[in-house]
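Observations on chain architecture
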Amino acid sequence: MGTTFTEMADPSRDTLSDWSNVKPGVHASFVSIDKRFPKSLNPNIAIQPNNKVDAWKGEQVSAQILLWTSAAASDVVVSPGELKSTTGKSISAEAVQARFVRYVMTDEFAEGCGYRKPEDFKAALSADMLDDLKSYNLEAKRVRPVWITVKVPAGAAAGQYKTVIAVKQKGKVIQNLDLNVNVQDQVLPPASQWPFHLDQWQHPSSVARVNNVKMWSDEHFEALKPTMKQLAAAGQKVITATLNKDAWNVQTYDPYADMITWKKAKDGSWSYNYAVFDRWVQFMMDLGINKQINCYSLLPWNNEVHYFDEAKMNWSMLSQNRNTSI
C-alpha cells in the first residue's frame, strides 16, 4: 500500500492553478531532467510516452517522469522492466530504478548563505529528495515527479535497448512508457578512477534521526551505507569530519555531532577520544572515499567547544574569544 506524507501547500499563486481541463485518472509523461515542476501547478503538457538517453558502458544515466491527477489516487507504483536490445541482448530490470521525488521547503538564495530571518526571504516547495517508497498516494490537483536511474553494467553489449516503465494503480497498469537506452561502445572507468575532485559534505546526524537509531551505533553505521555508497559511486573524494559539535553554529536542521570527544579532567588537563573519528574515517575509506579528510573545526563559528567536564560529571560548552586559546 502507498504511504501518505504531509507536505505543506505551496505558498504561492500556484495553488490557484486551474485543473478543470485535466481528464479523470492518473496521467504520466516523460519530461526534461533539467526542469523542476511546481507541486500545485497544472503542467498543461502533451504526454510524451517515449524517451531516449545515451550511455556508455559503466555509466549511470537519468530520465524524469511526471505524474499528475485532478483527483486523489492511492497506491500508485512506477515499475521499470528489463532492458532488451534489438539484437536479443538484455540488461536486468535491477539496473533501472524509479524513485518518487519529494518536495521540500526552501527559500530564495538572495544574498547567499549565513544567518537568515525567514520573514525576509520568499519560501516555496521545491522538488528535491529521492524517496525509497515503492508506492505513493497521489494528492488531488498535484504533480509528482519520478526520477528514473539506469545503471549500465560495464560488461553490457553495445546496442539499442528498451525498457517498458509501467505506471500502475492498485496493481492495475494504467499507462506504459518506453525508455530507450543507446549503449555506446565506450567504457566509463569506475568512479574510483575519475580524476575530478568531488566534495559533497556528509551529515551523519541527519541519517541517525531519519532512521531513528542511536548516534554512532552499529545500527547507525549500517543505515549510513546506502547513502554513502551512492556518494562514492558519484566520484566523491573527501571525507567530512567534525572535530567538535556543530562547527557551523546550527545552520542545518540537525546539528552536527562531534567525532572527537573532548574531556576536561579534574586537574584541568585535557584528553581527546578519537574512537568515533577513526571508525567514521575507516568506514568511508572502506567504501572507496579515500583521497582527503576535511576536518571542521578547532574553533566552531559560535566560539563554543563541547566537552565533558569530569569535575561536574556533565557535558558543557566552553565559550572562547577568538583571540584566546584553550
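Focus: the overall build of the protein
Counting secondary structure elements, the protein contains three helices and 18 strands. Referenced to the eigenvectors of the C-alpha coordinate spread, the extents of the protein come out at roughly 75 × 50 × 35 Å. Counting every position in the protein, which comprises 326 residues, the buried fraction comes to 41%. Split by element, the accessible area of the protein, about 18500 Å² in all, is 51% carbon and sulfur. Within the protein, the 34 negative side-chain charges are centred at a point lying 5 Å from the centre of the 36 positive side-chain charges.

A short note on unusual backbone geometry
Cis geometry marks the peptide bond from Tyr 296 to Ser 297; its omega dihedral reads -10 degrees. Topologically, Ser 297 is positioned in the loop between strand S16 (292–296) and strand S17 (304–309). Its identity as a non-glycine residue notwithstanding, Asn 249 has a phi of 60 degrees, on the positive side. Tracing the chain through its elements places Asn 249 in the loop between strand S13 (238–242) and strand S14 (261–264). Given the relative accessible area of 39%, Asn 249 is considered partly exposed.

Regarding the nonpolar core
Membership of the largest hydrophobic core comes to 33 residues, with the highest contact counts inside it found for Ile 65, Leu 67, Ile 148, Leu 179 and Val 181. Counting 23 residues, the second largest nonpolar core, distinct from the first, contains Leu 231, Ala 232, Ile 260 and Tyr 307.

Some thoughts on the sheet that holds strand S7 (residues 96–107)
With respect to topology, five strands assemble into an open sheet ordered S1-S3-S10-S7-S8, the strand pairing being antiparallel. What marks the edges here is a single partner per strand, and that holds for strand S1 (26–31) and strand S8 (123–130). Between one strand and the next, the sheet's axes are offset by a mean angle of 30 degrees, whatever the strand orientation. Strand direction decides the pairing type here: strand S3 (residues 60–69) and strand S10 (residues 142–151), joined by 10 bridges, are antiparallel. Residue Ala 63 lies in a different strand from S10, and its bridge partner there is Ile 148.

Focus: the packing of aromatic side chains
Following the criterion strictly, the structure yields 15 aromatic pairs and no others. Residues Phe 100 and Tyr 136 carry aromatic rings whose centres are separated by 5.1 Å and whose planes lie at 40 degrees to one another, so their mutual orientation is tilted. Separated by 36 residues along the polypeptide, Phe 100 in strand S7 and Tyr 136 in strand S9 (residues 136–138) bring together distant segments of the chain. Tyr 136 shares its class with Phe 100; the two are buried. Ring centres of Trp 201 and Tyr 296 lie 5.0 Å apart, and the angle between their planes is 50 degrees; on these two criteria the pair is classed as tilted. A residue pair is termed long-range when its members are at least 10 positions apart, and Trp 201 in the loop between strand S12 (172–187) and helix H1 (204–211) and Tyr 296 in strand S16 qualify at 95 residues. An aromatic cluster of at least three residues, connected via ring pairs, comprises Trp 201, Trp 248, Tyr 256 and Tyr 296. Positioned above the aromatic ring of Phe 196, the side-chain terminus of Lys 237 is 5.2 Å from the ring centre.

Some points on the pairing of S3
Regular strands place their side chains on alternate faces of the sheet. Within S3, eight of the 10 residues are buried, which leaves the element mostly enclosed by the surrounding structure. In this structure, S1 lies alongside S3, joined through six bridges in antiparallel fashion. Across the sheet, Ser 29 pairs through a bridge with Leu 66, a residue of S3.

Topic: the sheet that holds S17
Pairing in this open sheet of four strands is mixed, and the strands run S15-S14-S17-S18 from one edge to the other. Strands at the two margins of the open sheet, each flanked by one partner only, are strand S15 (270–273) and strand S18 (314–319). Each adjacent strand pair in this sheet contributes to an overall mean axis angle of 40 degrees, direction not counted.

Conventions used here
Residues numbered from 1 in each chain as written. Predicted model: local features only at pLDDT ≥ 70, side-chain atom pairs only at ≥ 80, totals over all residues. Heavy atoms only, no water. Helix = DSSP H or I, 4+ residues; strand = E, 2+ residues; numbered from the N terminus. Buried < 20%, exposed > 50% of the residue type's maximum accessible area, 1.4 Å probe, protein only. Areas by Shrake-Rupley, 256 points an atom, 1.4 Å probe, with all protein chains shown as cover. Lys, Arg positive; Asp, Glu negative; His and termini not counted. Charge placed at Lys NZ, Arg CZ, Asp CG, Glu CD. Core = buried A, V, L, I, M, F, W, Y, C linked by side-chain atoms within 4.5 Å. Pairing = 2+ DSSP bridges. Axes fitted to C-alpha atoms, helices over the stretch in contact; angles between N-to-C directions. Phe/Tyr/Trp six-rings, centres within 6.5 Å; stacked < 30°, edge-to-face > 60°. Lys NZ or Arg CZ within 6 Å of the ring centre and 35° of its normal.

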